[in-house]
2 protein chains.
Amino acid sequence: MQAILLSIGDELALGQTVDTNSAWAAAKLATLGISTVLHETVSDDQDLIAASIGWASTKADLIVISGGLGPTDDDLTRQALAQAMGVELVEDAESMADLEAFFAKRGYTMADRNRVQAFCPAGATMIANSCGTAPGIRATLNRAEVFVTPGVPREMKAMIEADVIPAVQTKLAEAGAAESKVILATKINTFGYGESDVATRLGDLMQRDRNPVVGTTVSDGICSVRVRAEFPNVDEAQQQLEDTVTKVQDVMGPTVFGRDDTSLQTALVKLLLKEDKTVATAESCTGGMIGSMLTDVPGSSAAYLGGWVTYSNALKTSQLGVRPGVIEAHGAVSKEVVIAMAESAKQRSGVDYAVSVSGVAGPGGGTEEKPVGTVWLGLATPNGTTARLARLIGNRTSVRDRAAKCALQMVRLTLMGEELGHIRWLAKHDV
Amino acid sequence: MQAILLSIGDELALGQTVDTNSAWAAAKLATLGISTVLHETVSDDQDLIAASIGWASTKADLIVISGGLGPTDDDLTRQALAQAMGVELVEDAESMADLEAFFAKRGYTMADRNRVQAFCPAGATMIANSCGTAPGIRATLNRAEVFVTPGVPREMKAMIEADVIPAVQTKLAEAGAAESKVILATKINTFGYGESDVATRLGDLMQRDRNPVVGTTVSDGICSVRVRAEFPNVDEAQQQLEDTVTKVQDVMGPTVFGRDDTSLQTALVKLLLKEDKTVATAESCTGGMIGSMLTDVPGSSAAYLGGWVTYSNALKTSQLGVRPGVIEAHGAVSKEVVIAMAESAKQRSGVDYAVSVSGVAGPGGGTEEKPVGTVWLGLATPNGTTARLARLIGNRTSVRDRAAKCALQMVRLTLMGEELGHIRWLAKHDV
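Residues numbered from 1 in each chain as written. Chains lettered and ligands numbered in written order. Predicted model: local features only at pLDDT ≥ 70, side-chain atom pairs only at ≥ 80, totals over all residues. Heavy atoms only, no water.

### Observations concerning the domain arrangement of chain A
Step number 1: One can read the domain layout of chain A as domain 1 (2–179), domain 2 (182–259) and domain 3 (264–422).
Step number 2: Between domain 1 of chain A and domain 3 of chain A, the C-alpha centre-to-centre distance is 44 Å. (Domains from an automatic or database assignment.)

Okay, here's the thing in structure tokens:
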């Protein structure tokens, strides 16, 4: 089964927004063994959208269109689909009732312009939207099953998972398992090594003609090892996939924190809950990012009690008791300061572990001795306090992001009884 | 002049990598008045790439293809271009010499597989690559001028700036200024109203046949009004664009916080610095996100002193002096608690403004009285303290994100002497 993805919107075609929906949807479809052969991004031009839909409907079995279902005049996807199908738009009573209920529930009166969202091409059906106002549309055109979802990533993803995937699975089952091949893919997420180090460690596992095939991708400092198994049946694919995953995990050791969508903070919170331990944060250059990452995880309140954002030196002193003389003698970015921050945070919050960060995120503030990317990390534990120096590369955003991830991985490795040396960006000892 | 962009690669089509090249190139071409009507991402399939090139060459004047010029077996763009042109690949002696020199300079022997990179379709010409091994290709096919660049973003961007843009400018000049047009585009970013409210306010400004044309896009709660002016010369385009921008700003009032890439936190920090005021944060459900956003802005240390992440009730009491009886009587998500948090944060840090947040981010923790999305925001100012109730929609991630943005916009509006009612998600009064 082959798929074509269409993303609609001037802001995408003109490059004001990067289309992330297509990559997400293509990856999702790949797990079902569906090859996305083409993505197209089309501007808000009804004729052009209709032409693209028409062309795609002769080339693919599945078309997923996102965007252009909103209530405004530049939202033209439903009209274009009707044009491609050669039919009129008709009102869907149930969708109109849903729309009215959506607004009523929130105490708003529905604007007239929203009414268009309850119309769909004659012969097509509506798909209820669980998290927004615009229902989706499902239709058949030439050889293709066509699904239209809203462009808002959250709504698009929810609709693809709840409606498109099950519908496609039904179609695949109807088509008969005999002809099909199964593609299973997974990602093993690591933090601590750069991509070329990971590739060196993986060695022969990365040979291109291997099945399952192994590749690497880096995103925001997380190096993910992708494994993709292509076999005639699901049992064999599953077993081969897991066999290779085990090999990758053996090679990468404790730098591996999770599979697929698992984030470093999710892995850490899970471990803290399992070990019944608590953590607090004392942040300077990361400015609350570590706390924000940890609280991003549902249920984190049992493991993360909170922390301090001591961005100014005055707050480091008044709230965490870092003596002004220490800051004066060693600088705010120093081993002494992060140790004082971590120990004070641990003592004041009563946690088991407190992690602290102070660094030069840039673009200004660097010196010869402490260039941009110089970050000190402190960790107070039940068995004493340690500090490490990280030398990070990149701009302000990436220095802060990597510093926060180093902090999370430091807590995680310590909880596991593993060496901090698994994080390659940290100096070997506390210098 | 109309352009079509093609990005080649399985990793893009399968969604393992997000295509950021196309958005960059489209934005670049737009500044020359070239409309990108379509992007296409095509998998590593020679026939499909050739078909796409052929089709595009009848629809557009300019085709920019990136990717598939590498030395490995899955790099098929040069072969596909030759196929679309109906010609053979021929060796380019100069490129071969360049390639050999590239490797020799680095002390490597060129692998045989690299030789293919010095071949191009008969009748096409090579474009030297200033920062990698793969030369680009320039050809003419049907009505289109075709440029092929490497897929590596750095190499693609360098080649577009050094070769594609000048060539296109020459073509535009040859075509005569009379026929040419200039497209200028900008975004006006607002926070406080939903998309349909913004559309209602914009009214006739959003008519599709208007020039400059006005559209809206929502991303993470930020509603951006896009303005796109298409005129014969740059002066007129500029004047018309700014004229429409002024109209949009008049209609949207203080919800407008900036143009183009300006973030809400950047606008707030800039305003704080201008007014010589300081701010602190006291966060519960946002867990450090507001601090993280503020410190994302270079130079924010003069405006943002820091804050507290009092995720647990114990820390609310021990660090911000919120009396346990208050939490017991009203709950952690209450007017009384956010007022106490904001006032204590202001007093302890010595800032001019302190903002506090406590809410139910979900997925658990909601009650009938305080469902998921219930967020209290407090703001302590030199003229007293206020609190507002926000009822937000969405999952944990979006509730937290919107809550943080409401907090930033509350500080901003207050600094400007504007009503908090410009944020539509806030209850009118402090309930």
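And the narrative resumes.
### Looking at the nonpolar core
Step number 1: One finds Leu377 of chain A together with Leu377 of chain B to be the most contacted residues of the largest nonpolar core, which totals 85 residues.
Step number 2: Counting 57 residues, the second-largest nonpolar core is a separate cluster that includes Val42, Ala56 and Ala124 of chain A together with Leu48 of chain B. (Core = buried A, V, L, I, M, F, W, Y, C linked by side-chain atoms within 4.5 Å. Buried < 20%, exposed > 50% of the residue type's maximum accessible area, 1.4 Å probe, protein only.)

### Regarding helix α2 (residues 21–30) of chain A
Step number 1: Most of α2 of chain A is tucked away: seven of the 10 residues are buried.
Step number 2: Taken as a whole, α2 of chain A has its buried residues at Asn21, Ser22, Ala23, Ala25, Ala26, Leu29 and Ala30 of chain A.
Step number 3: Packed against the buried residues of α2 of chain A are β1 (2–8), β2 (35–42), β3 (62–66), α6 (153–175) and β9 (182–190) of chain A together with α1 (10–13) of chain B. (Helix = DSSP H or I, 4+ residues; strand = E, 2+ residues; numbered from the N terminus. Contact = heavy atoms within 4.5 Å.)

### Quick word on the environment of Thr246 of chain B
Step number 1: By the secondary structure assignment, Thr246 of chain B is in helix α8 (residues 234–252).
Step number 2: Separated by 210 residues in sequence, Thr246 of chain B and Thr36 of chain B have C-alpha atoms that sit 26 Å apart.

### A few points about the sheet that holds strand β6 (residues 125–127) of chain A
Sheet strands pair via backbone hydrogen bonds, and the direction of the pair is either parallel or antiparallel.
Step number 1: Judged by pairing direction, the sheet is mixed, and its 12 strands sit side by side in the order β6(A)-β7(A)-β8(A)-β3(A)-β1(A)-β2(A)-β2(B)-β1(B)-β3(B)-β8(B)-β7(B)-β6(B) without closing on themselves. Whereas interior strands pair on both sides, the edge strands pair on one side only; in this sheet they are β6 of chain A together with β6 (125–127) of chain B. Each adjacent strand pair in this sheet contributes to an overall mean axis angle of 20 degrees, direction not counted.
Step number 2: Two elements, β6 of chain A and strand β7 (residues 136–141) of chain A, share three bridges in a ladder whose sense is antiparallel. In the sheet register, Met126 of chain A faces β7 of chain A, and the bridge partner there is Ile137 of chain A.
Step number 3: In the packing of helix α6 (residues 153–174) of chain B onto the sheet, contacts are made with β3 (62–66), β6, β7 (136–141) and β8 (144–149) of chain B, and the angle to β8 of chain B comes to roughly 165 degrees. (Pairing = 2+ DSSP bridges. Axes fitted to C-alpha atoms, helices over the stretch in contact; angles between N-to-C directions.)

### What to know about the packing of aromatic side chains
Step number 1: All chains considered together, the criterion is met by seven aromatic pairs over all chains.
Step number 2: Here the aromatic rings of Tyr304 of chain A and Tyr311 of chain B are separated by 6.0 Å at their centres, their planes lie at 40 degrees, and the arrangement is tilted. Linking Tyr304 of chain A in strand β14 (residues 304–310) with Tyr311 of chain B in the loop between β14 (304–310) and α11 (313–320), this pair reaches from one chain into another. One exposure class covers both Tyr304 of chain A and Tyr311 of chain B, and it is buried. (Phe/Tyr/Trp six-rings, centres within 6.5 Å; stacked < 30°, edge-to-face > 60°.)

### Structural notes on the environment of Val37 of chain B
Residue and element names in this part refer to chain B.
Step number 1: Tracing the backbone through its elements, the reader meets Val37 in strand β2 (residues 35–42).
Step number 2: The class for Val37 is buried, based on a relative accessible area of 11%.
Step number 3: With 22 residues separating them along the chain, Val37 and Lys59 place their C-alpha atoms 9.5 Å apart.

### Quick notes on the interface of chain A and chain B
Step number 1: The partner chain B presents 73 residues to the 69 residues of chain A that form the contact.
Step number 2: Summing both partners gives a buried area of about 5800 Å² for chain A against chain B, and 54% of it is carried by carbon and sulfur.
Step number 3: Considering only the surface of chain A that becomes buried against chain B, Leu14, Gln16 and Tyr311 of chain A emerge as the three largest contributors, covering 10% of it.
Step number 4: Joining chain A to chain B, the criterion identifies two salt bridges. (Buried area = accessible area lost by both parts, 1.4 Å probe. Salt bridge = Lys/Arg side-chain N within 4 Å of Asp/Glu carboxyl O.)

### Structural notes on the sheet that holds strand β15 (residues 353–359) of chain B
Step number 1: Pairing within the open sheet is mixed, and its 10 strands lie in the order β17(A)-β16(A)-β15(A)-β13(A)-β14(A)-β14(B)-β13(B)-β15(B)-β16(B)-β17(B). With partners counted over all chains shown, the strands left at the sheet margins are β17 (384–391) of chain A together with β17 (384–391) of chain B, one partner each. Across the sheet, the mean angle from the axis of one strand to that of its neighbour is 15 degrees, orientation sign disregarded.
Step number 2: For strand β13 (residues 279–283) of chain A and strand β15 (residues 353–359) of chain A, the ladder comprises five bridges, and the chain directions are parallel. In the strand pairing of β15 of chain A, Thr281 of chain A is matched with Val355 of chain A.
Step number 3: Its contacts with the sheet put helix α14 (residues 396–415) of chain A on β13, β15, β16 (374–381) and β17 of chain A, and the angle it makes with β16 of chain A is roughly 25 degrees.

### Considering the packing of helix α9 (residues 264–275) of chain B against helix α14 (residues 396–415) of chain B
Residues and elements named next belong to chain B.
Step number 1: Relative orientation of the contacting elements α9 and α14 amounts to 30 degrees, with a least axis distance of 10 Å. Taken together, the axes of α9 and α14 lie roughly parallel to each other. As for the relative orientation of α9 and α14, their crossing is left-handed in sense. Here α9 contributes Leu264, Gln265, Ala267, Leu268, Leu271, Leu272 and Glu275 to the contact with α14, which in turn contributes Lys405, Leu408, Gln409, Val411, Arg412 and Leu415.
Step number 2: Tallied by class, the residues present in the contact of α9 with α14 amount to eight nonpolar, two polar and three charged. (Parallel < 35°, antiparallel > 145°, perpendicular 65-115°, else oblique. Left-handed = near helix turned anticlockwise from the far one by under 90°. Nonpolar A, V, L, I, M, F, W, Y, C, P; charged D, E, K, R; others polar.)

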